[in-house]
Amino acid sequence: MHYISTRGAAPLLTFEEAMLTGLARDGGLYVPEIIPQLSPAEIAAFEGQPYEEVAYRVMRPFVGDSFGDTEFREIIDRAYAGFGHAARAPLVQLDQGHFLLELFHGPTLAFKDFAMQLIGQMFQTALGRRGDRVTIVGATSGDTGSAAIEAFRGLDNVDVFILYPHGRISEVQRRQMTTPTESNVHALAMDGDFDDCQARLKDMFNDFDFRDGVGLAGVNSINWGRVLAQVVYFFTSAVALGAPHRKVSFTVPTGNFGDIFAGYIAKRMGLPIDRLVVATNQNDILHRCLSGQGYHKGATQPSISPSMDIQVSSNFERALFDAYDRDGKAVAQLMEELKAGGFEVSQGAMQVLQSHYSSGAVSEDETSATIKTLLDTTGELLCPHSAVGVKVAGDRRVAGTPMITLATAHPAKFPDAVAAATGVHPPLPPRMADLYDRPERVTRVPNDLGALMDHIKGHRLT
Ligand SMILES: *Cc1c(COP(=O)(O)O)cnc(C)c1O
């Protein structure tokens, strides 16, 4: 199994190499050269199996020789042992034909734990075997960073530095990053917004001296290993509702396009998915693009669903790569135009995109109203991101095809928005109830590439 870059000008890599590298050296993202197929009988056999068993069967073909069978099973077991729910990703019914996939039972209460916990264990195993050490730098709108710090804290072969936009993340998100005491993990509060953090991160990857000097590795949602981990729960949930014997649809609250792209991979592997619905907040660049209006950057508007406050949606490049028939030169050209503000999608590519994806955008008021309505009609307390999904799903449902909306975070991770909408203050699960009492450790940093690189070089443990 080999991995190729979406810009067509980087070396082919194995799974392990692609995972440890993150961004390709031509600026592109790694994708599998071929998508493994699962037959209807193989998918049907997932029914009644534990989450970890399905995870093994779905992901094994992508991993190739990078891990042995037993080794990979043990990695998966360790990754999900710390989850607070036996089903890992339980389904809850909201209404006739509408279901919520709860992805917030991991250690930092957001779906990012599914990928990050797995990546942490894969890095530990691969680096231990190589006798190598890497520096992980990540940019976060809140949930990636907390999941990364939680997954890598105390591991032997990694230093972790997480850039987050100062003052623009929730207190729970911040505390999950600033309260771990292990000296290999560092929270950096940067001046600017999430797109600024992500841009500096990309700059670091494109500075090959720095990149090679510190052994830079990326665990942002562009990392293929993360996308792969997220493919699994599309299978477990669809099979629980009758796949492969019937089709299901998914609505996915979307920012960086990682989670929804994982759904697309599940579909390409053979899972009968009818529609993949992209749900955005008022930062609706993806909705506008999928509606045929081109892909044009605007200014990010801070919202009550901050993990989706984004203009440049990194993983969308992977969707474009397939829509352009895997023409790396064409994708590289689009990404060049994006630097100057945006691009138009060709008619042929647009047809491919629209054959898989639908979309909708939700205002702030609609998000709050949905949180309130769901509490009143079902007793479910939604985080604002999940509410964006539920609202769009309600508009896109088709009779006869179950709709599964992904609940991407626990309401207690965004208590202010939930309390403002409902008057109910969502409590943290008991296992993390002391989060507000733990001391914080954080460094304020400027939006300046040189200063950031110096800071990182000076604070590694090696
Ligand atoms: C990261 C995140 C999203 C967006 O996911 P993408 O994979 O980046 O599209 C949505 N909701 C929550 C709570 C998140 O943490």
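Residues numbered from 1 in each chain as written. Predicted model: local features only at pLDDT ≥ 70, side-chain atom pairs only at ≥ 80, totals over all residues. Heavy atoms only, no water.

- Going by what an unreviewed UniProt entry lists, the protein chain is known as Threonine synthase and is assigned to Sulfitobacter sabulilitoris.
- Per its UniProt entry, the protein chain bears the Pathway (unreviewed entry) comment "Amino-acid biosynthesis; L-threonine biosynthesis; L-threonine from L-aspartate: step 5/5."
- In UniProt, the protein chain has this text filed under Sequence similarities (unreviewed entry): "Belongs to the threonine synthase family." (UniProt positions renumbered as here; feature names shortened; annotations may be inferred.)

**Some details on the sheet that holds strand 13 (residues 357–361)**
Note: strands within a sheet are paired through backbone hydrogen bonds, in either parallel or antiparallel orientation.
Here comes step 1: The strand order 3-4-14-9-10-13 describes an open sheet built from 6 strands, whose pairing is mixed. Taken across any chain shown, the strands that pair with only one partner, and hence form the sheet edges, are strand 3 (91–95) and strand 13. Sheet twist, expressed as the mean angle between neighbouring strand axes with direction ignored, is 25°.
Here comes step 2: Two strands pair when backbone bridges link them, and strand 9 (residues 248–253) and strand 14 (residues 403–407) are joined in this way by 3 bridges, in the parallel orientation. In the sheet register, S249 faces strand 14, and the bridge partner there is M403.
Here comes step 3: Across the sheet, helix 12 (residues 285–293) is in contact with strand 10 (273–280) and strand 13; its angle to strand 13 comes to roughly 135°. (Pairing = 2+ DSSP bridges. Helix = DSSP H or I, 4+ residues; strand = E, 2+ residues; numbered from the N terminus. Axes fitted to C-alpha atoms, helices over the stretch in contact; angles between N-to-C directions. Contact = heavy atoms within 4.5 Å.)

**Considering the packing of helix 10 (residues 224–240) against helix 11 (residues 258–269)**
Here comes step 1: Running from N to C, helix 10 and helix 11 point in directions that differ by 65°, and their axes come no closer than 8 Å. The two elements helix 10 and helix 11 cross, and the hand of that crossing is right-handed. Together, W224, V227, Q230, V231, Y233, F234 and F235 of helix 10 and G258, D259, F261, A262, G263, I265, A266 and M269 of helix 11 make up the contact between the two elements.
Here comes step 2: Along the lines of polarity and charge, the residues of the contact of helix 10 with helix 11 split into 11 nonpolar, 3 polar and 1 charged. (Left-handed = near helix turned anticlockwise from the far one by under 90°. Nonpolar A, V, L, I, M, F, W, Y, C, P; charged D, E, K, R; others polar.)

**Points about the side chain of Q311**
Here comes step 1: Relative to the elements of secondary structure, Q311 occurs in the loop between strand 11 (295–296) and helix 13 (316–323).
Here comes step 2: Reaching out from Q311, the side chain makes a polar contact with the backbone oxygen of A299 at a distance of 3.4 Å.
Here comes step 3: Excluding anything up to four places from it in sequence, Q311 contacts D195, N283, I285, R288, Y295, K297, G298, A299 and T300. (Polar contact = N/O pair within 3.5 Å; in protein donor to acceptor, adjacent residues only side chain to side chain.)

**Topic: the pairing of strand 14**
Note on strand geometry: in a regular strand, side chains alternate between the two faces of the sheet.
Here comes step 1: Of all 5 residues in strand 14, 5 are buried; the element is thus mostly enclosed.
Here comes step 2: Going residue by residue along strand 14, you find M403, T405 and A407 tucked away on one face and I404 and L406 tucked away on the opposite face as well.
Here comes step 3: Here 5 bridges tie strand 4 (residues 98–102) to strand 14, and the two strands are oriented parallel to one another. Counterpart to L100 in the pairing with strand 14 is T405. (Buried < 20%, exposed > 50% of the residue type's maximum accessible area, 1.4 Å probe, protein only.)

**Observations regarding helix 8 (residues 194–206)**
Here comes step 1: Look at helix 8: 18 Å from first C-alpha to last across 13 residues, which is about the 18 Å you get at 1.5 Å a residue.
Here comes step 2: Residue D193 occupies the N-cap position of helix 8, its side-chain oxygen lying 3.1 Å from the main-chain nitrogen of D195. (Expected span 1.5 Å × (residues − 1).)

**Section: the packing of aromatic side chains**
Here comes step 1: According to the stated counting rule, one finds 21 aromatic pairs in the structure shown.
Here comes step 2: Where F114 meets Y233, the ring centres are 5.0 Å apart and the plane angle is 75°; that geometry is what we call edge-to-face. Of this pair, F114 sits in helix 5 (residues 112–130) while Y233 sits in helix 10, and the two are 119 residues apart along the sequence. A single burial state applies to F114 and to Y233, both of which are buried.
Here comes step 3: These aromatic residues form a ring-pair network of at least three members: Y51, Y80, F83, F114, Y233, F234 and F250.
Here comes step 4: Against the face of Y56 rests R73, its NZ or CZ located 3.8 Å from the ring centre. (Phe/Tyr/Trp six-rings, centres within 6.5 Å; stacked < 30°, edge-to-face > 60°. Lys NZ or Arg CZ within 6 Å of the ring centre and 35° of its normal.)

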